[in-house]
Amino acid sequence: MEVIKSFAAPGVDQRALGFDGKYLWHMDAGTGLLYQLDRDGNIIRSFTAAMSNAWGIMFDGKNLWQANWGANKFIMTDRDGEVIKTFTGPGAWTRGAIFDGKNFYEGDAGTDLIYQLDRDGNILRSFAAPGVEISALGWDGKHLWYIDSTTDLIYQIDRDGNILQSFAAPDGVVYGAVHDGKHLWCAGEATDTIYQMG
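The structure presented is a predicted model; accordingly, all values stated were derived computationally and were not measured. (Residues numbered from 1 in each chain as written. Predicted model: local features only at pLDDT ≥ 70, side-chain atom pairs only at ≥ 80, totals over all residues. Heavy atoms only, no water.)

Peer 1: Hey, could you run me through the sheet that holds strand S13 (residues 123-128) in this one?
Peer 2: Strands in a sheet are paired, the pairing made by backbone hydrogen bonds, and the direction either parallel or antiparallel. Read from one edge of the open sheet, four strands run S10-S11-S12-S13, paired in antiparallel fashion. Bordering the open sheet on either side are strand S10 (94-99) and S13, each of which pairs with just one other strand. Within this sheet the neighbouring strands show an average axis-to-axis angle of 20 degrees, counted without direction. (Pairing = 2+ DSSP bridges. Helix = DSSP H or I, 4+ residues; strand = E, 2+ residues; numbered from the N terminus. Axes fitted to C-alpha atoms, helices over the stretch in contact; angles between N-to-C directions.)

Peer 1: Please explain the pairing of strand S2 (residues 14-19) as it appears in this structure.
Peer 2: Two faces belong to every sheet, and in a regular strand the side chains alternate between them. Counting buried positions along S2 yields six of six residues, so the element is predominantly enclosed. Pairing between S2 and strand S3 (residues 24-28): four bridges, direction antiparallel. Directly across from glycine 18, in S3, lies its bridge partner tryptophan 25. Adjacent in sequence and paired antiparallel, S2 and S3 are bridged by four residues, among which glycine 21 carries a positive phi angle near 105 degrees. (Buried < 20%, exposed > 50% of the residue type's maximum accessible area, 1.4 Å probe, protein only.)

Peer 1: Honestly, the packing of aromatic side chains in this entry has me stumped. Any pointers?
Peer 2: Two aromatic rings, taken as a pair, are described by how far apart their centres are and by the angle between their planes. With the rule as written, the count across this model stands at twelve aromatic pairs. Aromatic side chains phenylalanine 74 and phenylalanine 87 sit 4.9 Å apart centroid to centroid with 10 degrees between the ring planes, which places their arrangement in the stacked category. With phenylalanine 74 in strand S8 (residues 73-77) and phenylalanine 87 in strand S9 (residues 83-88), this pair connects stretches of sequence that are 13 residues apart. Taken individually, phenylalanine 74 and phenylalanine 87 each receive the classification buried, so the pair is uniform in this respect. With 6.5 Å between their ring centres and 15 degrees between their planes, tyrosine 105 and tryptophan 139 make a pair best called stacked. With tyrosine 105 in strand S11 (residues 104-108) and tryptophan 139 in strand S14 (residues 134-139), this pair connects stretches of sequence that are 34 residues apart. For the pair tyrosine 105 and tryptophan 139, a shared accessibility class is recorded, and that class is buried. A connected cluster of aromatic rings, assembled from ring pairs, spans Trp65, Phe74, Phe87, Phe99 and Phe104. (Phe/Tyr/Trp six-rings, centres within 6.5 Å; stacked < 30°, edge-to-face > 60°.)

Now the structure itself:
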């Protein structure tokens, strides 16, 4: 997989990336802002995130979800940032979360486990992450994408954690990832850059 294009991230402390079918959503922990971006990096709008340190941004077909590191909250909001629902995830250090259309997957850097959760936060199962230190998760409709900030590798894995392929991350520290159905997008903390890969 290679970098197709890249552009400067709008913030100063890159975290999660999400995709709603049309726009990218990007969390900047430095400002606490959630940005809505087009695929060229142009800012559509921004607003204060429900919590300032989201490591996962997901779209369930109607609403946005943010998964927060530290407080370990999953927060459902509308697209204007109004909180609708919250639950606490099982992990200690949430780093990466995705929604597969039915359930959530939460990456926990504290235990190096990936949890599968229902929409109320109940644990359905868990499995060991393939790398050393999780920094982001993505979902392409069939497989998970796991980014490791220690090995600087991106892994494509199945729902049981089996590695299908791996390759070098485009940035020294990737803290956000999302798949738009065709391309993988990564938010690089080291260079404050968002990458489109394919």
